[in-house]
Amino acid sequence: MSTDSFQASLERSNKIRADLEVNPSKYYMLTGDRPTGRLHLGHYFGSILNRVHMQDLGINCMVLIADYQVITDRDTTEHIQDNVYNMVADYIAAGIDPEKTIIYTHSAIPACNQLMLPFLSLVSEAELMRNPTVKAEQEASGHELTGLLLTYPVHQACDILFCKANIVPVGKDQLPHIELTRQVARRFNKRYGKVFREPAGILSDAIEIPGLDGRKMSKSYGNSIMLGATADQTAKLIKKSQTDSERTIFFDKENRPGVSALLTTAALCTGRTENDIAEEIGSSGAGALKAFVTEAVNAFLAPHRERREELLADMGYIKDVLHEGNRKANEIAQHTLDEVREAMGMVY
Ligand code: TRP
């Protein structure tokens, strides 16, 4: 993505973020996650809290579990049902209220998926080939460039446009997809008459929680604290995280990534600052720091973990939430597809 369009996206995002608090009823939010595994603290602080905030402001919210995107760069859907159910449980335990926010899976929304056909006609092969996020995903996964990996950003445009969302909270890596979505909307409207509006990507300024090794927290790096892990598993993971031999604890992201990642994790979970915590540990060393972080994380996550276990003990409820979310999403998608057919003259 060019610096120019990044700057434009950032400005648009900042302007809307200020307005959200004043005029929440103007906004329709859609965002989502791939159910490739379990949610971790990075998701919690990086996106879920923000979704709950938007929901509680009274913004119309939809949260998509993007199950078809799982097969963009992998060849199996093993564990997908389990991942989806666990995701629903984590969302609700974290405060996403299914009475207010529609939680759904796009594989269950045929009318949304059908938008893919006209939308594919609005983008060129060259545009698809240029998408930096697709390139990065292909490289990271070592997967061949399948038709789906190349075109899923168009499918993501279907996700966003079917419900006429105007705000899409995402990480920077998703901005090329938002840009493409805006183009699809613009081109459709120009060709067939105005049906869609151009959504804005909303960038968060939440501190990015580092993984236990100081890199970005990511399932694929094995450096993540899962929301649903037990207190014991969490303690073990923190215990084996890499630190250094300097006994005095202080925050220095560049030179002490391990120690600093632990301090940031504890800071987020306690609402204190990294320096404040570092001072308290003083020269007691990495062992003491790890004990502190373990205690902080487990105390912070205890209520969440309790709620998610209660929820998962009642699978009937989890399934009802999804069925109801899918039902509502289908209604919206059907309505939009009718408008699309009408605009295209495909009414028989
Ligand atoms: N591509 C997103 C991710 O990998 C998930 C996603 C799918 C999404 N459809 C979306 C995000 C629509 C925002 C809007 O995390």
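Cut-offs applied
- Per chain, residue numbering runs from 1 following the sequence as it is written.
- In keeping with the model being predicted, local features are shown solely for residues with a pLDDT of at least 70 and side-chain atom pairs are shown and tallied solely at 80 or more, while totals for entire chains, interfaces and linings include all residues.
- The side-chain numbers reported here are obtained from all heavy atoms of the structure, hydrogens and water having been left aside.
- Where each domain begins and ends follows an automated or database-derived domain assignment.
- Contacts were defined at the residue level, with two residues in contact if any of their heavy atoms lie within 4.5 Å.
- The term buried area denotes the loss of accessible surface (1.4 Å probe radius) that occurs when two parts are joined, taken as the sum for both partners.
- We define a nonpolar core as any set of buried Ala, Val, Leu, Ile, Met, Phe, Trp, Tyr and Cys residues linked to one another through side-chain atoms lying within 4.5 Å.
- For each residue, the accessible area found with a 1.4 Å probe, counting protein chains only, is set against the maximum for its type, and the residue is called buried under 20%, exposed over 50%, and partly exposed in between.
- Where helices and strands are cited, they refer to DSSP runs of H or I of at least four residues and of E of at least two residues respectively, numbered from the N terminus.
- Note on terminology: near, applied to a residue and a molecule or strand, indicates that one of the residue's heavy atoms is within 4 Å of it.
- Counted as a polar contact is a pair of N or O atoms within 3.5 Å, where, for protein atoms, one must be capable of donating a hydrogen and the other of accepting one, and residues adjacent in sequence contribute only when both atoms are in side chains.
- Note on residue categories: nonpolar means Ala, Val, Leu, Ile, Met, Phe, Trp, Tyr, Cys or Pro, charged means Asp, Glu, Lys or Arg, and polar means any other residue, Gly included.
- Note that the arc is computed from the directions linking the helix axis to the C-beta atoms.

Enquirer: Whenever I open this one, the domain arrangement of the chain confuses me. Can you help?
Expert: Interfaces are often described in size by the accessible area the parts lose on coming together. Partitioning the chain into domains gives domain 1 (3–208 + 316–343) and domain 2 (231–312). Look at where the C-alpha atoms of domain 1 and domain 2 centre, and you get two points 32 Å apart. Between domain 1 and domain 2, the contact holds 13 residues from the first and 11 residues from the second. Carbon and sulfur atoms make up 74% of the surface buried where domain 1 meets domain 2, a total of about 1100 Å² over both sides.

Enquirer: Even after reading the chapter, I still don't get the nonpolar core, so can you show me in this structure?
Expert: Note on soluble globular proteins: their nonpolar side chains tend to be buried together. Counting 49 residues, the largest nonpolar core has L41, V88, Y91, I103, I225, L289 and V297 as the members making the most contacts within it. Breaking this core down by element, the ones donating at least two residues are α2 (41–57), β2 (60–65), α3 (80–93), α10 (231–239), α11 (257–270), α12 (274–281), α13 (285–312) and α14 (315–344). Top contributing element to this core by residue count: α3, with nine residues. There are two domains that each give this core at least three residues, and those are domain 1 (3–208 + 316–343) and domain 2 (231–312).

Enquirer: Explanation requested: the site of the ligand in the structure shown.
Expert: Close contacts around the ligand come from 13 residues, with R34, Q69, Q156, D159 and Q174 the closest. At 2.9 Å from a nitrogen atom of the ligand is found a side-chain nitrogen or oxygen belonging to Q69. The separation between a nitrogen atom of the ligand and a polar side-chain atom of Q156 is 3.0 Å. Mapped by element, the contributors of at least two residues to the shell around the ligand are β1 (28–33), α8 (147–161) and β4 (167–170). Among the residues making up the shell around the ligand, the classes are represented as six nonpolar, five polar and two charged.

Enquirer: What exactly am I supposed to notice about α12 here?
Expert: Every α-helical turn comprises 3.6 residues, leaving residues that sit three or four positions apart pointing alike. Among the residues of α12, E274, I277, A278 and I281 are the ones counted as buried. On an axial view of α12, the arc spanned by its buried residues comes to 100°, and they lie on one face. Residues of α12 that are buried in the fold lie against α11 and α13. Of the residues trailing α12, G282 is marked for its positive phi of about 55°.

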